[in-house]
Amino acid sequence: MVQPESREGERPELPPGQRLQRGWPVTHYGPVPRFRPERWEFRVFGATADAGTHRWKHEEFSALPHETVVADLHCVTRFSMLGVEWGGVRTRRLLELVPPAPEVTHVMVWAEYGYSANLRLEDFTAGHTLFATHRAGEPLTAEHGFPARLVVPHLYAWKGPKWVRGVEYMTADRRGFWEERGYHNIGDPWSEQRYSYQEAPGDGPGL
Ligand SMILES: Nc1nc2c(c(=O)[nH]1)N[C@H]1C(S)=C(S)[C@@H](COP(=O)(O)O)O[C@H]1N2
Ligand SMILES: [Mo]
């Protein structure tokens, strides 16, 4: 994904077809899950380099290195928010802790109730991609994904599951929840990859 280069400090702020949103709406499918710390764990599994599954309890996950990322959020329903300050664990950190096997090309990020989103490994490991636990210094509220959500600033926001519970390392691509239901397999807002019918050969596995 290449964003338009800034020309004399100018760059379109919003991807095509998006409008600026005031406030912070809540957008998701299904009910808000209840957080049960004693049952919660974050799991990295699939094609890990050591072939093992790695688990963190909530207090362990909370103790991982915390970093801040300022990023925009683009919902495919056409609203965007600019300059959101997220705090949490960068995916790069997680990759250092649990290296993928060399054949890994994609990941599936899993959330409560089976919500999922597939990502190319390079989108997942982009420098600004993080598992956010905080916004503007405050813990996420339940409806915004507490205790953690994935944020992939350069893709439409459905690619960032709220109430995230784990990551599956994959050696081939597979569609996630919305990607199976008519949304684009990659989801780059700057080239308006909204729907699966817009996919070019090679953008995703067959439907
Ligand atoms: N688990 C889960 N995560 C989700 C969704 C969902 O339906 N379930 N919706 C996505 C969509 S489409 C958007 S736009 C953002 C909205 O995040 P917000 O409600 O915090 O604004 O969450 C994303 N993460
Ligand atoms: Mo969305």
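The sections below set out a description of the structure shown in this document. (Residues numbered from 1 in each chain as written. Chains lettered and ligands numbered in written order. Predicted model: local features only at pLDDT ≥ 70, side-chain atom pairs only at ≥ 80, totals over all residues. Heavy atoms only, no water.)

**Observations regarding the overall build of the protein chain**
- Scanning the protein chain for helices and strands turns up three helices and 11 strands.
- Reading the helices (α) and strands (β) of the protein chain from amino to carboxyl end gives β-β-β-α-β-β-α-β-β-α-β-β-β-β.
- In terms of overall dimensions, the protein chain has a C-alpha envelope of 45 × 40 × 35 Å along the principal axes.
- In the protein chain, buried positions account for 46% of the 207 residues.
- Long-range contacts, defined as pairs at least 24 residues apart, comprise 67% of the intrachain contacts of the protein chain with a sequence gap of at least 6.
- Looking at the protein chain as shown, the accessible area adds up to about 10,500 Å², and 50% of this sits on carbon and sulfur atoms.
- If you average the places of the 24 positive and of the 27 negative side-chain charges in the protein chain, the two averages end up 6 Å apart. (Helix = DSSP H or I, 4+ residues; strand = E, 2+ residues; numbered from the N terminus. Buried < 20%, exposed > 50% of the residue type's maximum accessible area, 1.4 Å probe, protein only. Contact = heavy atoms within 4.5 Å. Areas by Shrake-Rupley, 256 points an atom, 1.4 Å probe, with all protein chains shown as cover. Lys, Arg positive; Asp, Glu negative; His and termini not counted. Charge placed at Lys NZ, Arg CZ, Asp CG, Glu CD.)

**Notes on the environment of Trp 163**
- Mapped onto the elements, Trp 163 comes out in the loop between strand E10 (149–151) and strand E11 (164–170).
- For Trp 163, a relative accessible area of 8% corresponds to the buried category.
- Sequence-wise, Trp 163 and Arg 34 are 129 residues apart; in three dimensions their C-alpha atoms are separated by 9.5 Å.
- Trp 163 has contacts with His 28, Val 32, Pro 33, Ala 111, Glu 112, Ala 142, Glu 143, Gly 145, Phe 146 and Ala 148, leaving out every residue within four places of it along the chain.

**Some points on the nonpolar core**
- Within the largest apolar cluster, 26 residues are counted, with the highest numbers of intra-cluster contacts made by Phe 42, Phe 61, Phe 124, Phe 131 and Tyr 169.
- Elements represented by at least two residues in this core include exactly strand E2 (41–46), helix H2 (91–97), strand E6 (106–111), helix H3 (121–124) and E11.
- The leading source of residues in this core is E11, at three residues.
- Counting 12 residues, the second-largest nonpolar core is a separate cluster that includes Cys 75, Phe 79, Leu 130 and Ala 132. (Core = buried A, V, L, I, M, F, W, Y, C linked by side-chain atoms within 4.5 Å.)

**With respect to the site of ligand 1**
- The full set close to ligand 1 counts 17 residues, and Thr 27, Tyr 29, His 144, Arg 149 and Lys 162 are the nearest of them.
- Here an oxygen atom of ligand 1 and a backbone polar atom of Tyr 29 are 2.7 Å apart.
- Between ligand 1 and Gly 160, the relevant distance is 2.9 Å, taken from a nitrogen atom to a main-chain nitrogen or oxygen of the residue.
- Contact with the protein chains hides 96% of the accessible area of ligand 1, taken as 530 Å² for the molecule alone.
- Counted by class, the shell around ligand 1 contains 11 nonpolar, four polar and two charged residues. (Near = heavy atom within 4 Å. Polar contact = N/O pair within 3.5 Å; in protein donor to acceptor, adjacent residues only side chain to side chain. Nonpolar A, V, L, I, M, F, W, Y, C, P; charged D, E, K, R; others polar.)

**Digging into the pattern of salt bridges**
- On inspection of all chains with the given rule, the structure shows 11 salt bridges.
- Close ionic contact of Glu 112 with Arg 165 constitutes a salt bridge, the shortest N to O distance being 2.9 Å. In this pair, Glu 112 is assigned in the loop between E6 and strand E7 (116–120) and Arg 165 in strand E11, connecting sequence segments 53 residues apart.
- A salt bridge links Glu 179 to Lys 159, with the nearest nitrogen and oxygen atoms 2.8 Å apart. Within this pair, whereas Glu 179 is found in the segment after E11, its partner Lys 159 is found in the loop between E10 and E11, the two being separated by 20 residues in sequence.
- Of the residues examined, Lys 159 reaches a relative accessible area of 1% and is grouped as buried.
- Through salt bridges with shared partners, one network takes in Glu 67, Arg 90 and Arg 93. (Salt bridge = Lys/Arg side-chain N within 4 Å of Asp/Glu carboxyl O.)

**Points about unusual backbone geometry**
- Residues Phe 146 and Pro 147 are joined by a peptide bond in cis, for which omega reads 10 degrees.
- You can see Pro 147 is positioned in the loop between strand E9 (138–139) and E10.
- Positive phi, normally seen in glycine, also occurs at Ala 136, with a value near 50 degrees.
- Take Ala 136: it is sitting in the loop between strand E8 (130–135) and E9.

**Considering the sheet that holds E7**
- An order of E3-E2-E11-E6-E7 is seen for the five strands of this open sheet, with the pairing classed as mixed. In the strand order of this sheet, the two ends are held by strand E3 (54–57) and E7, each with one partner. Between one strand axis and the next, the sheet turns by 15 degrees as a mean value, whatever way the strands run.
- One ladder, built from five bridges, connects E6 with E7; its direction is antiparallel. Bridged to Val 107 within E7 is Leu 119. (Pairing = 2+ DSSP bridges. Axes fitted to C-alpha atoms, helices over the stretch in contact; angles between N-to-C directions.)

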